[in-house]
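A structural walkthrough
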Amino acid sequence: MVETYDQDEHWMSLALQLAAGGRGRVEPNPMVGCVLTKNGSGIASGYHREFGGRHAEVEALLSMVSPLDAKGATAYVTLEPCCHHGKTPPCSDALIRAGVARVVVAMRDPYPQVDGGGIRQLQDAGIDVTVGVLQHDAQALNAPYLKRVSTGVPWVIAKWAMTADGRIATVAGQSQWISGTASRQQVHQLRARVDAIVVGMGTVVADDPMLNARLADSESEEVRPARVAKRVVLCRQRLPAADSKLILTASDLPTWLMASPLVDAAELRRLEERGAVVFELTTDDRREMVRQSLQRLGEHSMTNVMVEAGPELLGSLMGDQQHPCLIDEFHVYVGGLLFGGKSAPGPVAGSGVGAIELAPKLKLHRVDQFDDDVRMIYRLNRS
Ligand SMILES: NC(=O)c1ccc[n+]([C@@H]2O[C@H](COP(=O)([O-])OP(=O)(O)OC[C@H]3O[C@@H](n4cnc5c(N)ncnc54)[C@H](OP(=O)(O)O)[C@@H]3O)[C@@H](O)[C@H]2O)c1
């Protein structure tokens, strides 16, 4: 039986759902899912579960009772099968050896050692290859991976909580808590899957945060954090106090200080001795500091970084007329409170835009309700 395009979309959509199961555990690898079908029925499936583990195609092939069943099957894969020896052998070889007749790929893998090579290898082996089924969905799923591979810089997720009237603190500077318990659990889940949590010194001084993932039931296997994020502080003039929570726990939880040349060098060394990891930036220009910091995080193979800063650092990331917005995704929590007050701050400072047409355009990605809070996830619309 020949699959129609609708069937292709159906099976690819299943493969994409499976792929998402690897979120937080596979990075810096991409999330990949695979479904094998024969005569219009699904016969096996798998996904890349964790970094260093088996790839989706191999997971699917190994899940079959008899490997011979793959002969003549169609494989739906959310990303071009790899064709190089990385941590595991090439998936293109595995599919060819298994005798699949057709491979449907959602999108090409721009990773330099693949980049069309996997597709070519399958075609050279006489396999019918279709590329581009649910490509947009596959690109959206792996947007952080695609950004890192093409730019060397991680995907930046800014998160803030604000009142229904758009304030992040009262006129007296109080900000805890604007969102409720259920929203805050969502934030902890995000912290548990990103590579870094970034703040500025304003937040360290005001809130003395721990910046770790505290999941509701962290004893249970299902909710164990997928990874431990580095806690990253941008320090332009001030440094965290020696008795701040971040420094007191620096030998247990990674704490990275991105320091401009303006900070006290002797104090910086003392914090390093207490376990902080120091990155010396070559500039005190706010925008350039942000750029250099993100570059450094990318050099450490980070895919997703979360910014939980106050308005000053978010303003530097937002950019201005000359500089593009450096935030890719926005997690905006609106709590059921009104703060009012002319001087109560909003979430983003910086120079702002004077004309509406200069405002960065955002695309609504999803909306969720948690009790009386709403979370809106936007992505920067670069088109
Ligand atoms: N509602 C929320 O979601 C939320 C989240 C976080 C914070 N907050 C609130 O925000 C307030 C703090 O605001 P904030 O704006 O001062 O916090 P921030 O953005 O976290 O920190 C700003 C400070 O970081 C340092 N910094 C280093 N590099 C920077 C750069 N490239 N660009 C900008 N700043 C840089 C500067 O201090 P130095 O020059 O001294 O190094 C600057 O004053 C607190 O009331 C906190 O509770 C609210």
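Everything numeric here is computed off the predicted structure, so don't read it as measured data.

Attention now goes to the overall build of the chain. Helix and strand counts for the chain come out as 12 helices and 14 strands. Compactness check: the chain gives a C-alpha radius of gyration of 23 Å against a globular reference of 21 Å for 383 residues, within 12% of the reference. Taking the principal axes of its C-alpha atoms as reference, the chain extends roughly 70 × 45 × 45 Å. Here the chain, with 383 residues, has 50% of them falling under the buried criterion. Sequence-distant contacts in the chain: of pairs separated by 6 or more residues, those separated by 24 or more amount to 72%. Carbon together with sulfur atoms contributes 50% to the accessible area of the chain, which is approximately 18200 Å² in total. Within the chain, the 45 negative side-chain charges are centred at a point lying 2 Å from the centre of the 40 positive side-chain charges.

With that settled, the discussion passes to the pattern of salt bridges. Under the criterion given, the structure shown has 21 salt bridges. Its salt-bridge partner being Arg-49, residue Glu-59 comes within 3.4 Å of it at the nearest N-O pair. Pair noted here: Glu-59 is in helix H2 (residues 56-62) and Arg-49 is in the loop between strand E2 (41-47) and H2, with a separation of 10 residues, a long-range link. Ionic pairing is found between Arg-379 and Glu-329, a salt bridge with its closest N-O pair at 3.0 Å.

This brings us to the nonpolar core. Counting residues in each nonpolar core, the largest one holds 40 residues, and the members touching the most others are Met-12, Leu-36, Leu-61, Leu-95 and Val-103. Judged by nonpolar contacts, the second largest core, of 33 residues, contains Val-153, Met-162, Val-305 and Val-334.

So, on to a nonpolar patch on the surface. A cluster of nonpolar side chains, contributed by Leu-364, Val-367 and Val-374, occupies part of the molecular surface with about 230 Å² of accessible area. Inspection of the secondary structure assignment puts Leu-364 in strand E13 (residues 362-370). Given the relative accessible area of 47%, Leu-364 is considered partly exposed.

If you check the shell around the ligand, you find 27 residues, and the closest are Thr-203, Arg-236, Arg-238, Glu-312 and Ser-316. Residue Thr-203 places a side-chain N or O atom 2.6 Å away from an oxygen atom belonging to the ligand. Within the contact set of the ligand, an oxygen atom lies 2.7 Å away from a backbone nitrogen or oxygen of Arg-236. Here the ligand has 920 Å² of accessible area as a free molecule, and 90% of this is covered by the chains.

Of all the residues in helix H6 (residues 143-151), the buried ones are Ala-143, Pro-144, Tyr-145, Leu-146, Lys-147 and Arg-148. Against helix H5 (135-141), strand E6 (155-163), strand E11 (304-307) and strand E14 (373-380) lie the buried residues of H6. Once H6 finishes, Gly-152 follows within two positions and takes phi at roughly 80 degrees, a positive value.

Once the domains are mapped, the chain shows domain 1 (5-142) and domain 2 (152-380). Its C-alpha centre places domain 1 at a distance of 35 Å from the equivalent point of domain 2. In this assembly, seven residues from domain 1 lie in contact with 10 residues from domain 2. Carbon and sulfur atoms make up 42% of the area that domain 1 and domain 2 hide from each other, which totals about 690 Å². It is Gly-24, Arg-25 and Glu-27 that lose the most area in domain 1 upon contact with domain 2, and together they represent 60% of the buried surface on that side. Run the count over domain 1 and domain 2 and you get one salt bridge. Residue Arg-227 pairs with Glu-27 through a salt bridge whose shortest N-O separation is 3.4 Å. Our enumeration of links across domain 1 and domain 2 arrives at three residue pairs in polar contact (both at pLDDT 80 or more). When grouped by side-chain class, the residues that make up the side of domain 1 that touches domain 2 number three nonpolar, one polar and three charged.

About the cut-offs
- Residues numbered from 1 in each chain as written.
- Predicted model: local features only at pLDDT ≥ 70, side-chain atom pairs only at ≥ 80, totals over all residues.
- Heavy atoms only, no water.
- Helix = DSSP H or I, 4+ residues; strand = E, 2+ residues; numbered from the N terminus.
- Rg over C-alpha atoms; globule rule 2.2 N^0.38 Å.
- Buried < 20%, exposed > 50% of the residue type's maximum accessible area, 1.4 Å probe, protein only.
- Contact = heavy atoms within 4.5 Å.
- Areas by Shrake-Rupley, 256 points an atom, 1.4 Å probe, with all protein chains shown as cover.
- Lys, Arg positive; Asp, Glu negative; His and termini not counted.
- Charge placed at Lys NZ, Arg CZ, Asp CG, Glu CD.
- Salt bridge = Lys/Arg side-chain N within 4 Å of Asp/Glu carboxyl O.
- Core = buried A, V, L, I, M, F, W, Y, C linked by side-chain atoms within 4.5 Å.
- Patch = residues over 30% accessible without salt bridge, like charges linked within 9 Å, V, L, I, M, F, W, Y side chains within 5 Å.
- Near = heavy atom within 4 Å.
- Polar contact = N/O pair within 3.5 Å; in protein donor to acceptor, adjacent residues only side chain to side chain.
- Domains from an automatic or database assignment.
- Buried area = accessible area lost by both parts, 1.4 Å probe.
- Nonpolar A, V, L, I, M, F, W, Y, C, P; charged D, E, K, R; others polar.

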